[in-house]
Amino acid sequence: MLYAHHRSGYVCNPGALLRYLEANHPGQWDLIWVTEYPENLPQLPGVRICGRRSFQYFRTFIRTKIFITNDMVDENLIKKPGQIFISTWHGGGAYKKVGISTCAESKEMARHFRKWYGRLDHFVSSCRKCTTNYTEAFHLPAACFLEIGSPRNDIFWQDPDMALRQVYEFYHLDPDTQILLYAPSFAANLPDRDDLVSLTANITAWKQVLSDLTNTTGKRWVLMYRTHHFAPASCDTTNELFIDGNRYDDIQPLLLAAAMLVTDYSSCMWDFALTDRPIFVLQDIIKAYEQSDRGFFVSPQSWPTRRSALYRRSRLNMLFGTTKTTITNILSRWAPLKQDTPAND
């Protein structure tokens, strides 16, 4: 059984593992995909779809050998002897505080985390730093961690052309159009954050950014708005320059298709860094998150700067400045945009 929390579609690391097993080991595994949206899923060969917490879900679990999720295993499932629980996790980069490290002042919540994650047999680690930090954050032994990286990132090397084409066809985009992916994360304790990251609250500024990019590169640019699943999932605009990234189930193909990423502290930046394309980080929001919310294992001041740029401006109309020279200087730090592909490598 495989489950990716809250999103529809065969997504994240469990989705990547499901597609790999279905394609490379057909018939060897009885594959069950667990979802909260069974009515929206296309049927894959060799895969059974199961609604989360349905009668079928609990009945199937009794006979399940391996349960894979990208978070914690459902606390309503009672683990039997011989069953294997695996978390692939959903973040990356090991930089944001998670688990017990986020609730140092709540002994009750710390006990919950130990109960939720203490049943895991394996935890997929995206890097060695992840193993170090998460050993403490989830009170797991180091031997539990599999330092094999995130399976979802195989998309960048395994048939990327098909995934790229599917994104452009889904949104009816011309192959020469460039995508600026705007993918903010969420915050539990920052009430003013929504005004800073909202697309509609900053629509004029984003239009100017797209105009400057178009004038600089000679190509048409659109902004794709993709929110965290805890945040409101709407684009709130009918302007053809703005497209709703939440309509696409999986963010990995969107990262593959995007020529540029703007975010606050979403861990998608670490996946996107594998493309060697420019990343712009809104530092004002990062500072607020560091001081008033979960905070970071790794200080933003020590993050790599070759592929990311920290901006101290609090308003998006200052993101790139207002001159063509400013944008040209920024883009020149990375490989030039190719003329024959939708996204630059």
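From a predicted model like this one, the values you see are computed outputs, not experimental measurements. (Residues numbered from 1 in each chain as written. Predicted model: local features only at pLDDT ≥ 70, side-chain atom pairs only at ≥ 80, totals over all residues. Heavy atoms only, no water.)

**Some thoughts on unusual backbone geometry**
Next up, step 1: For His139, which is not glycine, the phi dihedral falls at a positive 50 degrees.
Next up, step 2: Counting through the fold element by element, His139 comes out in the loop between helix 4 (128-137) and strand 7 (145-147).
Next up, step 3: Notably, Asp159 is not glycine yet its phi reads approximately 55 degrees, a positive angle.
Next up, step 4: Positionally, Asp159 belongs in the loop between strand 7 and helix 5 (160-170).
Next up, step 5: Taking the relative accessible area as the measure of exposure, Asp159 reaches 45% and is therefore partly exposed. (Helix = DSSP H or I, 4+ residues; strand = E, 2+ residues; numbered from the N terminus. Buried < 20%, exposed > 50% of the residue type's maximum accessible area, 1.4 Å probe, protein only.)

**Re the layout of surface pockets**
Next up, step 1: Of the volumes computed, that of the second largest pocket is approximately 970 Å³.
Next up, step 2: For the second largest pocket, the lining is made up of 29 residues, of which Tyr10, Arg19, Ile155, Gln166 and Asp250 are closest to its centre.
Next up, step 3: At the level of elements, helix 1 (12-24), helix 5 and helix 8 (251-257) are the ones that each hand at least two residues to the lining of the second largest pocket.
Next up, step 4: Sort the elements by how many residues they give to the lining of the second largest pocket and helix 1 lands first, with seven residues. (1 Å grid on protein atoms, 1.4 Å probe; cavity = no way out; pocket = protein on both sides within 12 Å on 5 of 7 lines; lining within 4 Å. Points joined across faces, edges and corners; volume = space filled by probe spheres on them.)

**Some remarks on the pairing of strand 9 (residues 221-225)**
Next up, step 1: Here strand 9 lies mainly inside the structure; five of its five residues are buried.
Next up, step 2: The alternating pattern of strand 9 places Trp221, Leu223 and Tyr225 on one face and Val222 and Met224 on the opposite face, and all of these are buried.
Next up, step 3: Note that strand 8 (residues 178-182) and strand 9 share five bridges and pair parallel. The partner of Gln178 across the bridge, within strand 9, is Trp221.
Next up, step 4: With three bridges connecting them, strand 9 and strand 10 (residues 242-244) associate as parallel partners. Bridging from a neighbouring strand, Met224 pairs with Ile243 of strand 10. (Pairing = 2+ DSSP bridges.)

**As for the packing of aromatic side chains**
Next up, step 1: Scanning the entire structure with this criterion turns up 23 aromatic pairs.
Next up, step 2: When the centroid spacing of 5.3 Å and the interplanar angle of 65 degrees are considered together, the rings of Tyr95 and Trp270 count as edge-to-face. With Tyr95 in the loop between strand 5 (84-87) and helix 3 (107-117) and Trp270 in helix 9 (residues 268-272), this pair connects stretches of sequence that are 175 residues apart.
Next up, step 3: Residue Tyr95 is classed as buried on the basis of its relative accessible area, which comes to 1%.
Next up, step 4: Trp270 sits in the partly exposed class, given a relative accessible area of 23%.
Next up, step 5: With centroids separated by 4.4 Å and ring planes inclined at 45 degrees, the aromatic side chains of Tyr117 and Phe138 adopt a geometry described as tilted. (Phe/Tyr/Trp six-rings, centres within 6.5 Å; stacked < 30°, edge-to-face > 60°.)

By themselves, these are just geometric observations and shouldn't be taken as functional.
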